[in-house]
Amino acid sequence: MNRFEWLLALRFLREGRMQSLLILAGVTGGVAVIIFLTQLINQLQGTIIDRVLSSQAHIVIRPAEEAPLRITPDQYLAAQVQPRGQRLRSIDQWESIAQLARQTPGVRAVSPVASGPAFARHNLASKSIALVGMIPDNYRQVVKMSNYMIKGNFDLSGDQTIIGKDLASDLGVTTGDRIQIITESGTQQTLTIVALFDLNNKDLNKRWVFTTLRMSQSLLNIPGGVSNIDLTVDDLFQAKRLAQRLSAQTGLLIESWMETNSGLLNALSNQTVTNNLIRIFIVIIVALGITSVLVVSVVQKQKEIGILRAMGAKRGQVMRIFLLQGALFGTLGSIIGASLSFALLTLFSTVYKASDGSALFAAQLDPKLVIMATTVAMVVGILSALVPARRAAHMDPVQAIRS
Amino acid sequence: MINILQLAHIYKSYGIGTGVETEVLHDINLTLARGSFHALTGPSGSGKSTLLNLIGLLESPTKGELIINGQNTNQLNDQELTQLRGQSLGFVFQFHHLLPAFNALENVMMPAFINNQYTQYQAVKRATDLLSAVGLADALHKKPAELSGGMQQRVAIARALMMSPPLVLADEPTGNLDTHSADEIFKLMRKINQEQDIAFLIVTHDPRLGERCDLTINLIDGYLR
Ligand SMILES: Nc1ncnc2c1ncn2[C@@H]1O[C@H](COP(=O)(O)OP(=O)(O)OP(=O)(O)O)[C@@H](O)[C@H]1O
Ligand SMILES: [Mg+2]
C-alpha cells in the first residue's frame, strides 16, 4: 500500500461527498447501536447479578442427605410451620471439607455457617427469625456486609448480635438493646444488639440474626457443627463447574447460584441471544450498505479507472483503492460510533435511575469492546468492499477509454 | 536495437465465439524506429483506435506478434503487460481523459504515483517542469474543468511524458480542438519528439497534420496501405 492507493481512495471519497457521508452515517449509527446495546445489556446484567448475589453465596455446601434447603426466609418459615421433628444436621467433618474448598483453585473465600430457625423476643413482641452463626472475618468475604451496615460495624463476639433494620423496628429495639432468642428445642439466650444492617431486602432485614458461630452452634444444638459452608469464587460463571467438581469430590449436596437462580440466568441468556441477533442484523445491513455504495461508486468511476489502468495501474492497485475505502468507512464509522454511543450512555445513565436513585449503569465504554467493534467494522468494511473492488479491478480499460 | 515497435502479422477479431465474429485488423505488419514521428490515418471505422489500443497493450491481438522496446508481448501476463505499459508507453486521447478530481500538477504526477518511482519532491519537480514546457506554468493548481480544451490536452501530453516513455500513442489528440489549438498541440508534440527523441504515433483525420509527419500510415478497412 503506498500513497497512490491512499490518494485515490481519499480523493474519490471526497468527490462523492454525499454518498460517503451517508454511508459513514450508516456505519456510525450501526456501530453506535451495537456498542450502546452491548454496554447497556452487559452493565444491566452485571447490576442484576450483583444485586442477586449481594446477599447470596456463590456456592453453598450442605449435608449429604438433606433435601435442598435454601436460605430464604420463606423456607425458614415453612420449617417453622411444619417442624421436622429431626434436629438440624451438621456437615460431617466440615473442617476438612472447608479446607478442601479453600485449596480449590478459583475459590476466593470460604465461610462456615451454622444457621437454623428460632424466635426473637423483646418485651411482648416475638418474631420468627433465622439464626446465622458465622465467623465475621470469613463471612464478610462472602457477603459484603460492610456495604450494608446502617449502624455499627459488621463484627461481633460472645453474646453480641447484629440484626436487620426491619426486625429492629418490629421488635422496637436498636443498638445497645438486648433481645431474647428461643430455639425449637427450647434453648434460650439473651443477646446484645451491636449493629444494624439493611440488605435492601425486607425479608432478609426481618429474618437474619447474626451471631458468632459458637453461639448459633450451641443455640441450634449442633455443638462444633455447621449447617452449611458458603463459598465465593473468582469467576461468577465458573461457579456451577466448581460446585460440580466439589460435589464429585465430597459426595455432598453442593449448589451454585447458577442453579438456585436458573430462571434469572435463562432470562439473561435469552437477552444475550437477542442482543447477538440484533448485532448480526446490524452488521449485515451495514455491510450491504457499504457494498452498494461502493458498487455505485465503481460504476461512476469507470472512466477514471480505465485511465489509471492505461497509465499502468495494476489490477491490485485498483482493487486496493476500493478495499481501502471499505476499511475507512468501517474504521471511521466505528470511531465516531463509539463516541456517539458514549454520549448515549451518558444521557441514559442520567435519565434512567434505579428506584433508589442510584445509577442503573455507568456511562462507561469498555475499551476491549471498542477495540473489538473497530476491528470487526474494519474487517467487515474490507469484506463488503471485496465485490466492488474486484469488479473495479476487472473492468475493461478500453471500454472506458473508447466511450 | 533501433526499433521501438514491431508488429508482425497482427490480426484482431471482435465477437469471437458469438457467431457475429468480425475481423477488424488483417495481417498488420509495421515497424516504428526510435524517435520517429508517424501519423496513422484512415476513414472512420477502419480500425485505427483498435490498432492503437493493441499497441498500447490495452487489448491483445487475436493473432500475431507485437514487440515493444524489444519485449515480445505474447509471453507476458496481465501484470507484466501493465508494467510494460506504465514504463514504456504514454497515452494522449481525443477526450483528454484527465482525472477531474485532481489538479493539473497531480494529473501529471499520477503515473509517478502509480509506478511509485519518484519521491514526492522529484515528482513535483518533474511535473512542474513538464507543465512549464507545455506552457502551463501558471495553471499547475487548476482542475481540468477550469482549463480550456487545448490546455487540457497539454496537460495530457505532459502526463504522457511523465515516465519518459520511448513511445507516445495519441488517438486524435487534436480532434476536439479548433484549428489554432490543434496546430499548437501538433507543434508541441513535434518539438518534444525532436528534442527528447521520443517516438510518436498519432491517429489523425486531418490530412494537413499528416503531411507534417515523417510518415503517414494509411489504414483502410483494417488493411495497411
Ligand atoms: N469492442 C468491440 N466489439 C465489436 N466491434 C468493435 C469493438 N470495438 C471496435 N469495434 C469495431 O471495429 C471497427 C474499428 O473500430 P475503431 O474504433 O478501431 O475505428 P477507428 O478507425 O478508430 O474509427 P474512428 O475514426 O471513428 O475513431 C469498427 O467497425 C467498430 O465497430
Ligand atoms: Mg477511433
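The written sequence of each chain sets the order in which its residues are numbered from 1. A letter from A marks each chain and a number from 1 marks each ligand, given out in the order of writing. Residue-level local features of this predicted model are given only where pLDDT is at least 70; pairs of side-chain atoms are given and counted only at 80 or more, and the full residue set underlies all totals for whole chains, interfaces and linings. Hydrogen atoms and water are omitted, and side-chain values are computed over all heavy atoms in the structure.

> Mind showing me how you'd approach the overall build of chain A here?
Note on conventions: DSSP H or I runs of at least 4 residues are helices, E runs of at least 2 residues are strands, and numbering of each starts at the N terminus. On a plain count of helices and strands, chain A comes out with 15 helices and 10 strands. The size measure is the radius of gyration over C-alpha atoms, and the globule rule it meets is 2.2 Å times the number of residues to the 0.38 power. Its C-alpha radius of gyration of 32 Å places chain A more than 25% over the 22 Å reference for a compact globule of 403 residues. Along the three orthogonal principal directions, the C-alpha set of chain A runs to about 105 × 45 × 35 Å. Partly exposed describes any residue whose relative accessible area lies between the buried limit of under 20% and the exposed limit of over 50%, with all areas from a 1.4 Å probe on protein chains only and scaled to the type maximum. Each of the 403 residues in chain A was classed as buried or not, and the buried ones make up 49%. For chain A, contacts bridging at least 24 residues in sequence account for 77% of all contacts bridging at least 6. Computed with the Shrake-Rupley method and a 1.4 Å probe, the accessible areas treat only the protein chains shown as cover for residues. Total accessible area on chain A stands at roughly 18,800 Å², and carbon and sulfur atoms take up 58% of it. The contact rule is simple, with two residues in contact once any of their heavy atoms fall within 4.5 Å.

> Before we go on, may I ask you to explain the sheet that holds strand β8 (residues 199-203) of chain B in this structure?
To summarise the sheet geometry, strands pair through backbone hydrogen bonds and adopt either a parallel or an antiparallel arrangement. Residues and elements named next belong to chain B. Only strands that DSSP links by at least two bridges are regarded as paired with each other. Strands sit in the order β6-β7-β8-β3-β9-β10 across an open sheet of six strands; the sheet is mixed. The sheet terminates laterally at β6 (89-92) and β10 (223-224), the two strands that pair on one side only. Along the sheet, helix α5 (residues 149-161) makes contact with β6 and β7 (167-171), crossing β6 at roughly 170°. Of the strands in this sheet, β3 (37-41), β7 and β8 touch helix α6 (residues 179-196), which is tilted by about 155° from β8. Only the stretch in contact is used when a helix axis is fitted, and all axes are lines through C-alpha atoms; the angle between N-to-C directions ranges over 0 to 180 degrees.

> Looking at this structure, I do not really get the domain arrangement of chain A. What am I missing?
One widely used convention gives an interface's size as the accessible area the parts lose upon coming together. Each domain's extent is set by a domain assignment, obtained either automatically or from a database. Splitting chain A by domain gives domain 1 (3-52 + 265-402) and domain 2 (94-251). Put simply, the middle of domain 1 of chain A and the middle of domain 2 of chain A, counted by C-alpha atoms, are 53 Å apart.

> Would you explain the packing of helix α4 (residues 94-103) of chain A against helix α9 (residues 239-250) of chain A in this entry?
The axes of two packed helices give the description: the angle between them and the distance between them. Residue and element names in this part refer to chain A. Where α4 meets α9, the axes come as close as 11 Å, and the angle between the chain directions of the two elements is 140°. Our classification of the angle between α4 and α9 gives oblique. Every pair of crossing elements has a handedness; the one defined by α4 and α9 is right-handed. Of the residues in α9, those in contact with I97, L100 and A101 of α4 are L246, Q249 and T250. Looking at side-chain class alone, the contact of α4 with α9 contains four nonpolar, two polar and no charged residues. Put simply, angles under 35 degrees are roughly parallel, angles over 145 are roughly antiparallel, angles from 65 to 115 are roughly perpendicular, and the rest are oblique. A clockwise turn of the near helix away from the far one marks a right-handed crossing, whereas an anticlockwise turn of less than a right angle marks a left-handed crossing. For this classification, Asp, Glu, Lys and Arg are treated as charged, while Ala, Val, Leu, Ile, Met, Phe, Trp, Tyr, Cys and Pro are nonpolar and the rest, including Gly, are polar.

> Just checking my understanding: could you explain the site of ligand 1 for this structure?
In the region of ligand 1, 13 residues are neighbours, and R402 of chain A together with S44, K48, S49 and T50 of chain B sit closest. Nearness here has a simple test: a residue counts as near a molecule or strand if at least one of its heavy atoms is within 4 Å of that partner. Surrounding ligand 1 is a set of residues that belongs to chains A and B. Definition of a polar contact: a pair of N or O atoms within 3.5 Å, with one able to donate and the other able to accept a hydrogen when the atoms are protein atoms, and with sequence-neighbouring residues admitted only if both atoms are side-chain atoms. Within the backbone of S46 of chain B, one N or O atom sits 3.3 Å away from an oxygen atom of ligand 1. One of the backbone N or O atoms of G47 of chain B is found 3.0 Å from an oxygen atom in ligand 1. For ligand 1, whose free accessible area comes to 630 Å², the fraction covered by protein is 60%. Ranked by residue count, the leading element in the shell around ligand 1 is helix α1 (residues 48-55) of chain B, at three residues.

> Would you take a moment to explain the packing of aromatic side chains for this structure?
Any pair of aromatic rings gets described here by the distance separating the centres and the angle formed by the planes. Each Phe, Tyr or Trp ring, with Trp reduced to its six-membered ring, pairs with another whose centre is within 6.5 Å; inter-plane angles below 30 degrees give stacked pairs, above 60 give edge-to-face pairs, and intermediate values give tilted ones. In this structure the tally under the stated criterion is 11 aromatic pairs over all chains. Taken together, the ring pairs in this structure connect Y139, F154, F197, W208 and F210 of chain A into an aromatic cluster. The cationic tip of K63 of chain B hangs over the ring face of Y11 of chain B; the distance from NZ or CZ to the ring centre is 4.5 Å. Consider the ring centre and the ring normal. A charge sits over the ring if Lys NZ or Arg CZ is within 6 Å of that centre and within 35 degrees of that normal.

> Is there a simple way to explain the nonpolar core in this structure?
Nonpolar side chains in soluble globular proteins tend to be buried together. Only buried residues count toward a nonpolar core. Its members are Ala, Val, Leu, Ile, Met, Phe, Trp, Tyr and Cys residues joined through side-chain atoms within 4.5 Å. Ranked by internal contacts, the top residues of the largest apolar core, which has 84 residues, are F4, L308 and F322 of chain A together with M110 and L131 of chain B. Once you skip the residues sitting within four places of it in the chain, L131 of chain B turns out to touch A104, L105, V108, L136, A137, L140, V155 and A158 of chain B.

> Is there a simple way to explain the sheet that holds strand β5 (residues 71-72) of chain B in this structure?
Residues and elements named next belong to chain B. The antiparallel open sheet is built from four strands, whose spatial order is β2-β1-β4-β5. The outermost strands of the open sheet, each flanked by one partner alone, are β2 (22-33) and β5. When strand β1 (residues 3-14) meets strand β4 (residues 63-68), the two strands line up antiparallel, connected through five bridges. Along β4, the bridge assignment pairs L7 with L66. Packed on one face of the sheet, α1 meets β1, β2 and β4 and runs near 125° to β1.

> Honestly, the packing of helix α4 (residues 120-133) of chain B against α5 of chain B in this entry has me stumped. Any pointers?
Residue and element names in this part refer to chain B. With their axes 9 Å apart at the nearest point, α4 and α5 run at an angle of 135° to one another. In terms of orientation, α4 and α5 fall into the oblique class. For α4 against α5, the interelement crossing comes out right-handed. Facing α4, whose interface residues are R126, L130 and L131, α5 presents V155, A158 and L161.

> How should I be thinking about the interface of chain B and chain A in this particular structure?
Taken residue by residue, the interface counts 32 residues in chain B and 26 residues in chain A. The term buried area means the drop in 1.4 Å probe accessible area that two parts suffer when joined, counted for both and summed. Taken together, both faces of the contact between chain B and chain A bury some 2,600 Å²; the carbon and sulfur share is 59%. For the chain B face of the interface with chain A, the top three residues by lost area are H97, F113 and I114 of chain B, together amounting to 24%. Each reported salt bridge corresponds to a side-chain nitrogen of Lys or Arg within 4 Å of a carboxyl oxygen of Asp or Glu. Taken together, the connections running from chain B to chain A amount to three salt bridges. In this structure, the salt-bridge partner of E106 of chain B is R11 of chain A, at a minimum N-O distance of 2.7 Å.

> I tried to follow the pattern of salt bridges on my own but got confused; where do I start?
Note on pairing: side chains with opposite charge can pair once their charged atoms come close. Residue and element names in this part refer to chain A. Applying the stated rule across the entire model yields 16 salt bridges over all chains. For R108, the salt bridge is made with D234, and the minimal N-O distance between the two is 3.2 Å. Of this pair, R108 sits in strand β2 (residues 107-122) while D234 sits in the loop between β9 (228-233) and α9, placing them 126 residues apart in sequence. In this structure R108 comes out as partly exposed when scored by relative accessible area, which is 47%. Given the relative accessible area of 48%, D234 is considered partly exposed.

> Explain unusual backbone geometry here, please?
Phi is mostly negative for residues that are not glycine, and the peptide bonds are mostly trans. A positive phi is found at Q93 of chain A, a non-glycine position, where the angle reads about 50°. For Q93 of chain A, a relative accessible area of 64% corresponds to the exposed category.

> Is there a simple way to think about a nonpolar patch on the surface in this case?
All names here are of chain A. Patch definition: residues with relative accessible area over 30% and no salt bridge; like charges joined within 9 Å; nonpolar side chains (Val, Leu, Ile, Met, Phe, Trp, Tyr) joined within 5 Å. A contiguous nonpolar surface patch, about 700 Å² in accessible area, is contributed by V273, L277, I280, F281, I284, I285 and L288. Relative to the helices and strands, L277 is located in helix α11 (residues 262-300). Relative accessible area serves as the criterion here: at 46%, L277 is assigned to the partly exposed category.

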